[in-house]
Amino acid sequence: MQLDNLRMWFQVGGTLFRKPIPVKAVDDVSFAIRRGETISVVGESGSGKTTLGRTVLRLLEPTDGRLLYAGMDITHAWQRDLMWLRRKAGIIPQDPYSSVNPTFPIFRILEEPLSVQKLGTRREHAERIYRALDNVKLTPPDFFAQKYPHQLSGGQRQRVAVARAMILEPEFIVADEPVSMLDASVRISILKLLRQLQQGFRISFLYITHDLATARHFSDRVGIMYAGKLVELGPVGSLLAEPLHPYTQALMEAIPDPDPENRLKERAALPGEPPTLTSPPPGCRFHPRCPIAKAGLCDVEEPEFRELRPGHLVACHLAA
Amino acid sequence: MAARAPTVGIKGAFLEAIRMKSGIVGFAILISLLAVTVVIPVYAPYDIVRQWSNVNYWLDNPRVAAPEWTQIFTGKEEPKTTTLASSTFRYVEVRTTIDAEGQVFNLTLINASRKFFWTFDGFPSELSMEITAFFPGNTSDVPGESPLIQIFWNRPDGQYVLLLQRTIPAREFNLPTTYHLSTDSDVIGNIRDWVQREGVISPGNVSQAYIRPETVLFAKMDSHQLDPQEAANLLTGEYQVVVSYTGFSLVDTVRPDLTIYGSVYGIAGTDFSRRDLMTGVLWGAPVALAFGVTAAVVVVLIQAILGAFSGWYGGPIDEFLQRASDFYLIIPILPILIMIALFYTPGIWAILFVVVAFSIVGSTTKVVRSIVLQIREEQFIEAAQSYGASRGRILFRYIMPRIMPYTFALVALSVPAFIFLEASLSFLGLGDPVLPTWGSIIGQAYNEGALFYGWWWWVAFPTIGIVYTTVGFALMGYAFDKVLNPRLREE
Amino acid sequence: MAILEVQNLRYWYRTRRGAVKAVDDVSFSVDSGKTLALVGESGCGKTSTAAAILRLLPRNVDTYEGRVLLDGQDIMQYGNEEFRQRVRWRGISMVFQGAMNALSPTTRCGYQVAEPLIVHYGTEKEEAIAATKEALKSVGLPEYVAYRYPHELSGGMKQRVVTAMALIMKPRMVILDEPTSALDVMTQANIINLLKRLQKETGLAYLFITHDLGLASELADDVAIMYAGRIVEIGSSTKVYPTPQHPYTQKLIQSVPLLRKEEAPDFIPGAPPDLTNVPLGCRFHPRCPYAFEPCGWTSSEVAAILGHEALAFEAADVHLANVDRYDAKDPTQLVAYPAKGTTASSLAASLQELVASRRSMTPFLRAIEGIQARDGRVVIRLHQGRMPELAGEDDQRAACWLLQQEAITPAAAT
């Protein structure tokens with residue numbers, strides 16, 4: 001998947017008498033996702049990361065820029081021409097309580113993608129469904145296939161969501177905060193499962209999250225999003241060992257690891273709030289909260305996204 | 001950790017609803033109504049319904065008679081309708097030929113009499129006699145050829161009263177003639193003369209009084225004889241009615257039937273047209289149910305589908321349907337129906353059609369739309385789009401099953417409204433002219449001043465019917481609502 | 001000196017399926033000016049503990065007993081009115097989970113903060129306004145916030161408003177139930193800093209409820225790990241974090257993905273038990289890798305496991321004599337009835353073979369003490385299992401049978 005200067009702006013609040021205001025959810029984002037790799041996009045709520053996930057799957061039509069899948073330009077293709085994409089790319093949603101249809105039994109939930117894509121006969125469906133349930137460790141599969149979502153726990157429901165994404169044998173999956181509403185321990189089991197599936201089936205993942213710590217352990221590359229823009233992108237080891245953007249540094253400072261010494265210190269945190277996407281600050285969007293912002297530069301000119309270390313890009317005037 | 005099972009589907013919601021008190025009661029009421037619908041054809045076959053507007057069919061019933069069980073409260077034994085059939089009369093026949101100065105007259109004298117005991121505690125409500133005379137008639141009305149009928153009344157106190165003396169027009173040969181003894185002016189005149197002759201009541205009062213033959217003939221000869229039934233004193237004992245026939249051929253026969261109408265009848269009484277109200281009220285049930293349920297189901301279904309479309313597709317369709325439903329909400333259905341009914345006389349299916357046509361969009365549309373808007377945000381919808389499900393598929397296969405339980409509740413809650421609508425129309429006399437609906441019964445009762453005259457049963461039973469049905473559906477709908485709207489639960 | 005001392009608190013509530021043992025014999029204490037973190041997965045009873053302390057009980061209470069000493073006074077003995085006036089919000093207040101979303105959208109924030117004063121204690125308007133302004137200042141909010149509606153504020157500001165609400169009566173102790181759950185990392189850090197500052201300045205004590213061990217370590221002087229309604233480990237955070245004693249604590253710490261270290265997190269297989277039907281003995285034993293005989297089991301559990309294992313056995317093409325049904329009514333033994341065509345003794349033999357071969361892979365099977373064929377049935381005797389009590393040093397105690405055997409440390413028992 002290749003994103004070139006992708007923009008996704010929403011027009012809201014237009015009436016007969018007032019022009020609508022643009023919400024610049026994704027503003028000029030460019031990066032590439034390679035076959036078989038996991039890229040995490042980390043950001044706070046309101047950073048535009050969820051919109052990015054939907055745009056990448058063409059559930060939304062980008063306002064500007066280009067979106068390429070395996071070289072093919074899908075930026076403005078019509079939905080009905082994108083059925084092939086729907087087979088190759090899937091989504092795992094966030095909320096275990098609404099990510100699967102509550103009125104269908106598990107069997108039917110997993111059968112729907114196959115029916116929609118017209119893949120195989122009914123008997124072949126059953127085979128594929130049982131295999132999918134096996135893959136996500138919901139065994140014995142015939143036991144789970146006839147259950148309804150409300151009879152399963154949150155973790156089990158997310159596994160069903162994973163199985164549903166996997167059943168069409170996709171090449172690319174967008175996982176939008178798949179574990180943030182689950183318990184700590186269940187989170188790990190789901191993420192491990194995703195990693196196993198990725199390695200077993202060579203699937204690319206776009207993992208959207210606000211939790212940098214989980215991103216650390218389950219991705220190859222990490223991208224940091226702030227106010228609709230990608231501010232840093234790089235291999236996970238390099239980025240976390242040496243965060244170059246001040247926002248990334250602040251983000252890392254703010255996350256506590258379990259250490260009883262924490263209670264004796266004040267945690268470094270940025271004051272203020274992220275800007276609204278309707279009227280972002282001029283120049284670098286982070287400058288009002290940035291501890292090292294330089295007047296005259298950071299509040300005037302938008303920084304370029306440049307490669308400062310091998311494979312490690314930053315959008316900051318002052319990073320070195 | 002598995003959550004508490006939400007109600008899934010109509011079956012689930014239904015089973016939940018039954019568990020609540022309101023649900024049980026509501027369901028019981030509905031089952032009873034259904035039972036009535038099934039059982040009626042046995043008790044009162046459909047023929048009776050078709051005869052509802054046929055006056056002659058009901059002639060054997062008393063007018064505005066109270067239900068029989070009211071006797072329990074009054075303590076009196078109220079008279080039931082008794083018909084003294086002609087076969088029970090005693091006939092004495094004399095046939096001769098008279099030769100008088102060259103002219104030959106044939107003569108038949110028949111004396112038909114019938115004794116009967118009057119042991120009830122009350123007066124009858126009406127008296128009527130049907131006499132069929134069999135004689136060779138001819139086309140011209142020639143006096144001397146037309147037979148003569150005299151009706152006498154013999155009382156236990158020895159009084160022998162001539163009620164009526166009349167010739168039978170020749171053209172009425174072999175045809176039954178009905179003599180309404182309670183309202184016939186000759187009868188009334190004769191009775192007045194009789195009472196005056198006996199002198200118990202002052203002449204001035206007698207000539208002023210309003211004579212009710214069915215009361216006077218059965219009342220003791222005292223100062224209260226001419227009073228209304230509540231004040232007059234009943235004379236019990238053996239009565240005899242005598243019909244004296246004089247005919248002018250040799251082959252005449254006469255068959256008299258006396259009907260003494262009681263003052264109570266049946267379980268629900270009768271109305272002014274002598275119709276058995278129980279039949280009418282019971283038949284009103286399937287009519288009301290059929291109309292109400294059909295209207296509710298069709299209307300809610302159409303509105304729900306449109307609401308779902310509106311919420312799901314959004315955009316211009318949504319705008320259009322929202323404004324349309326606003327418009328429809330303003331339209332007053334009843335006045336329009338009245339207008340239509342004034343120009344045409346619609347049958348019940350036509351009414352149904354108009355009601356549905358004027359309720360295509362409405363409050364259900366808005367409710368379903370908001371539910372769909374909520375479901376639309378749920379993440380499995382997004383996931384469905386990501387595996388390529390078309391919008392139509394998502395709407396009909398994923399979203400509609402979720403709103404089915406709500407539509408069920410909405411149907412249950414709208415049925416009473418439609419029943420009421422139909423009842424209102426019928427009340428105004430604009431409904432189906434043939435069928436006995438609850439509304440039409442109440443309407444006729446109102447027109448005849450039923451409550452003013454104290455005929456409470458005429459109004460009470462159809463009203464109970466409407467209230468019972470309404471309560472049944474309302475409780476059912478309420479129980480469903482509580483199931484589907486968790487905040488209303490009483491846990 | 002302890003400001004709050006909870007002793008043997010028990011709070012069960014009734015549902016259609018039975019009594020939910022939400023809080024079962026819980027004891028801990030919180031010192032003035034210090035924080036106790038109550039940590040556990042969802043459903044372990046930590047929120048119920050807070051509700052039990054503040055007597056915020058629903059209608060279907062089954063059992064509610066124990067002693068709760070606030071400043072030395074047993075508040076369980078108070079009548080409801082006395083409790084309301086002296087304890088709630090005055091002695092102890094609470095910041096509920098998701099409270100910021102529970103702010104009334106149609107009332108201005110200032111009034112909501114002042115509401116406890118005005119409604120419950122009949123404070124005069126002037127005094128209430130002054131107290132509100134002071135409370136808002138102490139949580140770092142500017143005055144104008146009092147005049148705003150909740151939807152006009154950001155998540156972080158709303159959470160501060162709710163905190164101000166909890167502090168308005170100047171209580172001695174605040175219970176914080178997941179105070180930062182829906183907030184961003186930055187805002188979370190800011191709120192935590194605020195809480196730290198308040199504690200230092202005013203000597204407030206906190207009972208901090210969370211599932212996030214990292215977050216807990218930000219405030220906790222002492223930490224109590226809860227599982228299935230009971231406390232399985234409790235001690236000073238300087239001891240528990242680096243050297244957790246209870247297997248559950250160890251697994252829990254291992255499951256936290258660390259930002260600053262390489263070690264990959266690991267997850268705990270299985271799920272917490274149904275609180276209406278808790279296992280006999282140690283409640284964690286079905287998921288514990290070190291579980292051994294004294295830890296306890298239920299016969300229906302074993303029946304289910306045997307059934308499961310039999311399937312796995314069959315799948316490996318080994319034929320198992322059929323079981324017609326299990327009788328799991330007696331918790332101490334499981335009775336298996338052989339299907340038609342099998343004898344009790346052959347069933348017993350194949351069950352023994354099953355248990356012997358799968359025992360190492362499935363610790364549940366260690367519950368089985370013996371299998372015997374008798375009167376045409378197979379009787380499977382189970383180890384009893386007793387519930388372990390908290391035992392250990394003053395500053396770190398854990399409830400685990402493994403630890404109470406001398407010289408066995410969890411690491412050595414693997």
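The shown structure was predicted, so the numbers you read here are calculated from the model rather than taken from an experiment.

The rules behind these values
- Residues numbered from 1 in each chain as written.
- Chains lettered and ligands numbered in written order.
- Predicted model: local features only at pLDDT ≥ 70, side-chain atom pairs only at ≥ 80, totals over all residues.
- Helix = DSSP H or I, 4+ residues; strand = E, 2+ residues; numbered from the N terminus.
- Rg over C-alpha atoms; globule rule 2.2 N^0.38 Å.
- Pairing = 2+ DSSP bridges.
- Contact = placed C-beta atoms within 7 Å.
- Axes fitted to C-alpha atoms, helices over the stretch in contact; angles between N-to-C directions.
- Buried ≥ 20, exposed ≤ 12 C-beta atoms within 10 Å, placed from the backbone.
- Domains from an automatic or database assignment.
- Nonpolar A, V, L, I, M, F, W, Y, C, P; charged D, E, K, R; others polar.
- pLDDT = per-residue confidence, 0-100.
- Core = buried A, V, L, I, M, F, W, Y, C linked by C-beta atoms within 7 Å.
- Right-handed = clockwise from strand over helix to strand, strands pointing away.

### A closer look at the overall build of chain A
- The helix and strand tally for chain A stands at 10 helices and 12 strands.
- Computed over C-alpha atoms, the radius of gyration of chain A comes to 21 Å, within 12% of the 20 Å expected from 2.2 N^0.38 for 320 residues, which places it in the range of a compact globule.
- A principal-axis box enclosing the C-alpha atoms of chain A has dimensions of 70 × 55 × 40 Å.

### Describing the sheet that holds strand β2 (residues 21-32) of chain A
Residue and element names in this part refer to chain A.
- Spatially, four strands are ordered β2-β1-β4-β5 in an open sheet, and the strand pairing comes out antiparallel. Two strands close off the open sheet at either side, each with one partner strand: β2 and β5 (72-73).
- Pairing of strand β1 (residues 2-12) with β2, which is carried by nine bridges, proceeds in the antiparallel orientation. Its bridge partner lying in β2, Leu6 is registered against Val29.
- The strands that helix α1 (residues 49-56) touches are β1, β2 and β4 (64-69); relative to β2, the one it contacts most, it runs at about 65 degrees.

### Brief notes about the pairing of β4 of chain A
Residue and element names in this part refer to chain A.
- As paired elements, β1 and β4 share four bridges and run antiparallel to each other. Considered in β4, the bridge of Arg7 is made with Asp64.
- Sheet topology places β4 next to β5; two bridges connect them, and they run antiparallel. The residue bridging Tyr69 from the neighbouring strand is Met72, located in β5.

### Observations concerning the sheet that holds strand β8 (residues 205-210) of chain C
All names here are of chain C.
- The eight strands lie next to each other as β6-β7-β8-β3-β9-β10-β16-β15, forming an open sheet whose pairing is mixed. For this open sheet the edge positions go to β6 (92-95) and β15 (391-393), each flanked by a neighbour on one side alone. On average, each strand axis in the sheet is tilted by 15 degrees relative to the strand beside it, whichever way the strands run.
- Pairing of strand β9 (residues 222-227) with strand β10 (residues 230-236), which is carried by six bridges, proceeds in the antiparallel orientation.

### Notes on the environment of Gly43 of chain A
All names here are of chain A.
- Tracing the chain through its elements places Gly43 in the loop between β3 (38-42) and α1.
- For Gly43, a count of 27 C-beta atoms within 10 Å corresponds to the buried category.
- A sequence separation of 184 residues divides Gly43 from Ala227, and the C-alpha atoms of the two residues are 8.7 Å apart.
- Dropping the residues within four chain positions of it, Gly43 is found in contact with Lys49, His210, Ile224, Met225 and Tyr226.

### Here's the deal with the domain arrangement of chain C
- The assigned domain composition of chain C is domain 1 (2-254) and domain 2 (297-382).
- Taken over C-alpha atoms, the centre of domain 1 of chain C sits 47 Å from the centre of domain 2 of chain C.

### Thoughts on the interface of chain A and chain C
- Taken together, the contacts link 33 residues of chain A with 40 residues of chain C.
- Elements with a minimum of two residues in the side of chain A that touches chain C: α7 (184-201), α8 (212-218) and α10 (246-254) of chain A.
- The element best represented in the side of chain A that touches chain C is α7 of chain A, accounting for six residues.
- In terms of residue class, the side of chain A that touches chain C is built from 15 nonpolar, eight polar and 10 charged.

### Comments concerning the confidence of the model for chain C
Residue and element names in this part refer to chain C.
- When pLDDT is averaged along chain C, the result is 82; 90% of the residues meet or exceed 70.
- Long-range and interchain partners of residues 407-414, a stretch whose pLDDT sits below 50, account for eight contacts in this model, where long-range means more than four residues apart.
- For this predicted complex, the interface confidence score (ipTM) comes to 0.84, while the overall pTM stands at 0.75.

### Digging into the environment of Thr276 of chain C
All names here are of chain C.
- In this structure, Thr276 sits in the loop between α9 (247-254) and α10 (299-315).
- For the pair Thr276 and Val20, spaced 256 residues apart in sequence, the C-alpha to C-alpha distance is 4.5 Å.
- Apart from the residues within four sequence positions on either side, Thr276 is in contact with Thr15, Arg17, Gly18, Ala19 and Val20.

### Focus: unusual backbone geometry
- With omega at 0 degrees, the peptide bond leading from Thr139 of chain A into Pro140 of chain A counts as cis.
- Mapped onto the elements of the fold, Pro140 of chain A is located in the loop between α4 (122-135) and α5 (141-145).
- Even without being a glycine, Lys137 of chain A presents a positive backbone phi close to 65 degrees.
- Note on placement: Lys137 of chain A falls in the loop between α4 and α5.
- At Val64 of chain B, a position not held by glycine, the phi torsion is positive, near 30 degrees.
- In this fold, Val64 of chain B is placed in the loop between α3 (46-50) and α4 (71-74).

### Remarks on the nonpolar core
- If you look at the biggest cluster of nonpolar residues, it comprises 269 residues, and the most contacted ones within it are Val161, Ala164, Leu207, Phe208 and Ile225 of chain C.
- The element best represented in this core is helix α14 (residues 391-427) of chain B, accounting for 17 residues.
- By size, the runner-up hydrophobic cluster in this structure holds 35 residues, among which are Ala112, Val187, Leu217 and Ile260 of chain B.

### A short note on the pairing of strand β7 (residues 173-177) of chain C
Residues and elements named next belong to chain C.
- The element β7 is largely enclosed, with a buried count of five among its five residues.
- The alternating pattern of β7 places Met173, Ile175 and Asp177 and Val174 and Leu176 on opposite faces, both of which are buried.
- As defined by bridge partners, β6 adjoins β7 across four bridges and the pair is classed as parallel. Residue Val95 lies in a different strand from β7, and its bridge partner there is Leu176.
- Looking at chain direction, β7 and β8 are connected through five bridges and run parallel. Note that in β8 the partner of Leu176 across the bridge is Phe208.
- In the classification by handedness, the crossover that spans β7, the intervening helix α6 (residues 185-202) and the parallel β8 is right-handed.

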